[in-house]
Amino acid sequence: MKRDNRVLRQGANVLAIVLALLTVFPLYWMVLSALKPKGEITSAHPRPWTFAPTLDNFRNALGVSGFGRYFLNSMAVAVVVVVVSAAIAFLAAVALSRFKFRFRTTILIMFLVAQMVPVEALTIPLFFLVRDIGTVAPGFGLSSLGALMLVNLAFSLPFAVWMLRGFVAAVPESLEEAARIDGASRFTILWRILFPLVAPGLAATSVFSFITAWNDFVFAKTLILDTDHQTLPAALMVFFKPDENDWGGIMAASTLMTVPVLIFFVLVQRHMVSGLGGAVKD
Amino acid sequence: MPATTVTARADHGDSPVRPAGGAPAKGRRRSGPLARIPVPLWLLLPAALVLIPLFGYPLYQLGLLSVLKFGQPQASGGVPTEFVGLSNYTDVLGDAQFWSVLGQTLAFAAFCVVATLAVGAVCAVLLTRVGKWPRLLLMFGALGAWAAPAMTGSTVWMFLLDTNSGLVNEILGTQGHNWMYDKWSAFAMVAVVVVWHSFPFVMITLYAGIQAIPDSVLEAARLDGAGTATIFRRIMLPMLRPLLVIVVIQSIIWDFKVFTQIYVMTGGGGIAGQNLVLNVYAYQKAFVAENYSLGAAIGVLMTLILLAVTAVYIRSLRRSGEEL
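Here the residue index of a chain counts from 1 through its sequence in written order. Whichever chain is written first becomes A and whichever ligand is written first becomes 1, with later ones labelled in order. In view of the model being predicted, local features appear only for residues whose pLDDT reaches at least 70, and side-chain atom pairs are presented and counted only at 80 or more, with totals across whole chains, interfaces and linings using the full set of residues. Water and hydrogen atoms play no part in the side-chain values, which are based on all heavy atoms of the structure.

### Observations concerning the overall build of chain B
Stage number 1. Secondary structure elements are defined from DSSP: runs of H or I of at least 4 residues count as helices, runs of E of at least 2 residues count as strands, and each element is numbered from the N terminus. Within chain B, the secondary structure is distributed over 14 helices and two strands.
Stage number 2. The buried label goes to any residue with under 20% of its type's maximum accessible area, the exposed label to any with over 50%, and the partly exposed label to all in between, with areas taken from a 1.4 Å probe on protein chains only. Burial status across chain B gives 56% buried among its 324 residues.
Stage number 3. In this description, contact between two residues means that some pair of their heavy atoms is separated by no more than 4.5 Å. A separation threshold of at least 6 residues defines the contact pool for chain B, and within that pool the share at least 24 residues apart is 69%.

### Topic: the packing of aromatic side chains
Stage number 1. Ring pairs shown here join Phe, Tyr and Trp side chains whose ring centres sit within 6.5 Å, with only the six-membered ring taken for Trp; geometry is labelled stacked below 30 degrees between planes, edge-to-face above 60, and tilted in between. Following the criterion strictly, the structure yields 35 aromatic pairs over all chains and no others.
Stage number 2. A ring pair is formed by A:Phe159 and A:Phe208, whose centres lie 5.1 Å apart and whose planes are at 70°; its orientation type is edge-to-face. Highlighted residues: A:Phe159 in helix H7 (residues 145-170) and A:Phe208 in helix H9 (residues 186-215), separated in sequence by 49 residues.
Stage number 3. Exposure remark for A:Phe159: the relative accessible area of 13% places this residue in the buried category.
Stage number 4. Judged by centre distance (6.1 Å) and plane angle (85°), the ring pair of B:Tyr263 and B:Tyr283 falls under edge-to-face. Here B:Tyr263, found in helix H12 (residues 260-265), pairs with B:Tyr283, found in helix H13 (residues 278-288); they are 20 residues apart in sequence, far enough to count as distant. Of the two residues, B:Tyr263 and B:Tyr283, both sit in the buried class.
Stage number 5. An aromatic cluster is built from A:Phe127, A:Phe128, A:Phe217, B:Phe70, B:Phe259, B:Tyr263, B:Tyr283, B:Phe287 and B:Tyr292, whose rings are joined through pairwise contacts.
Stage number 6. The residue whose ring lies beneath A:Arg165 is A:Trp162, and the NZ or CZ to ring-centre distance is 5.4 Å. The criterion is that NZ of a Lys, or CZ of an Arg, lies within 6 Å of the ring centre and within 35 degrees of the ring normal, and then a charge sits over that ring.

### Points about the interface of chain B and chain A
Stage number 1. Each side of the interface is counted separately: chain B has 101 residues, and chain A has 101 residues.
Stage number 2. In this description, buried area is defined as the sum, over both parts, of the accessible area (probe of 1.4 Å) that is lost when the two are combined. Of the roughly 9,000 Å² buried between chain B and chain A on both sides combined, carbon and sulfur atoms contribute 75%.
Stage number 3. Salt-bridge detection follows one rule: a side-chain nitrogen of Lys or Arg within 4 Å of a carboxyl oxygen of Asp or Glu. Across the chain B-chain A interface, the total number found is one salt bridge.
Stage number 4. When residues are sorted by character, Ala, Val, Leu, Ile, Met, Phe, Trp, Tyr, Cys and Pro go into the nonpolar class, Asp, Glu, Lys and Arg into the charged class, and all the rest, Gly among them, into the polar class. Classifying every residue of the side of chain B that touches chain A by side-chain character gives 64 nonpolar, 25 polar and 12 charged.

### Concerning the state of the cysteines
Residues and elements named next belong to chain B.
Stage number 1. Any cysteine sulfur atom paired with another within 2.5 Å is treated as part of a disulfide. The full count for this structure, using the stated rule, is zero disulfides over all chains.
Stage number 2. Sulfur of Cys112: no disulfide; nearest cysteine sulfur belongs to Cys123 and is 16 Å away.
Stage number 3. Under the relative-accessibility criterion, Cys123 is labelled buried at 2%.

### So, the domain arrangement of chain A
Residues and elements named next belong to chain A.
Stage number 1. For the purposes of this description, domain bounds are those given by an automatic or database domain assignment. Per the domain assignment, the segments making up chain A are domain 1 (1-54) and domain 2 (65-281).
Stage number 2. Each of domain 1 and domain 2 has a C-alpha centre, and these two points are 32 Å apart.
Stage number 3. For the pair domain 1 and domain 2, the two sides together bury roughly 580 Å², of which 79% comes from carbon and sulfur.
Stage number 4. Seen at the junction of domain 1 and domain 2, the total is one salt bridge.
Stage number 5. Side-chain atoms alone can form a polar contact between residues adjacent in sequence; in general such a contact is a pair of N or O atoms within 3.5 Å, and within protein one must be able to donate a hydrogen while the other accepts it. Scanning the region where domain 1 abuts domain 2 turns up zero residue pairs in polar contact (both at pLDDT 80 or more).

### A word on the pattern of salt bridges
All names here are of chain A.
Stage number 1. Per the counting criterion, the structure on display carries seven salt bridges over all chains.
Stage number 2. In this structure, Lys38 engages Asp246 in a salt bridge whose closest nitrogen and oxygen atoms are separated by 3.7 Å. Taken together, the residues span a long stretch of sequence, with Lys38 in helix H2 (residues 38-41) and Asp246 in the loop between helix H11 (232-236) and helix H12 (247-281) at a distance of 208 residues.
Stage number 3. Here Asp56 makes a salt bridge to Arg59, at a shortest N to O gap of 3.0 Å. Residue Asp56 and its partner Arg59 are located together in helix H3 (residues 56-64), separated by three residues, close to a single helical turn.
Stage number 4. The network of salt bridges with common partners includes Arg98, Glu173 and Glu176.

Here you go:
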């Protein structure tokens, strides 16, 4: 019985490691191919290593194809969306988890339903809406980063509110109660007590807002008509040519696009886990 | 109980028996009857200011467009729009392509959901059974796949599957084989990418759920003579049920709406549109064929299907009587 367990456990260990390697392999292949010299990439016999790593592909992507610009555009959109969406979602989450009022359930269900709406279909009316906004406020019209910020903000909010609600609910109310008895104002309670306690949740939520904005392909493709204001996902399509794809360039650009998300994940991962842990241990 | 509060996502829905409502009432008492309603509404105001014009209004416009005749002439303002009632819908529903696209969307989503859940659940159970290092390794691998944008996930897998210089063909010795040529092979490859992207969410959520089951409960069951299978079926499954409902529904919604992977990997819907799913179909009808109202009608139909899923979801949350 004991021995069986040990064999089983070793087998599980091996299986876990194999699955981990399989999962991570595409990412390894992406970075590796980005570093490979041109000849090795188009080789009919690709090898899982390279002895002549080069930054040529990155240089090409950033220089020739203007990926530096797209990178900054993407970053600007994502950062604005993360910050604004965190602030708005925090307030809304407090309202929905700390107060009882009429239509509360209705509003909650609307936030849930909003996540189900196929946003790609909404690009059709949004295209015309943004076009019309542009005639009044060009900063938010077609081909503006402002439009992308607004649209991505709207589509990351429902999930952010939904997720944060759980984190707010997990904070014991006794803390606020104590602060209230000590004479703290509503604003102080919100900002000094609740906000720091929900911060891990905000970090976790930010990851999703960041990903929504950073990964957005369909809005960037539809609403941005000039190349200057393009963001990474849509700009990546530039590398795809009908006859021969520049895989080195695509992989370098893909790496540039993946790295910030990975960094973000690693940075907030601890908060995510502690946030989840807090909710679990409650 | 712990299983329902494992992640923020686990904390879903609303329930009439929600006890939390009691405590805030104490806070309200201080603010007097006049301040009673405004506070939560003030807090919700910023969200409303963003969501009503940028989410609600476009949704209304989507519905409106779907009952108009609205193509390129109307879009550029040269021709007045015209109300055509449900004729866009009869056009869509009378089109054989719509039904075949709907069918393959459902089949594709169903396959992705089942595969994602199977892989995610197996990995979650595996995580509870392995040593520290294999566990960390699998966690980080999954985190990487989760973090990878849909766009780069698609490009990397396209490269792996490339006809001439792809690693997959090299390993299998099938140089020159085009994986995206055959309809079902192309769908399968996209499904691989979708599962790769989404199983980490299932894995990590379920793992957290399993971890949240108190050891004392499992120990008690073991002392009572319950075997592994019984513990799994009688204790773990019921306790994980709320989480399972959530990951199933989330997966259905995500996989039904897959856009980027299909659009990028199959070049906008595959050879002669063989790999279209509803989302891409609506988009192509609107922006490529420039028949915006027809695209909108498809979008409305899709929204209705997803609303039905949501309704089932909310009902099952309510019926299970979980504290949500």
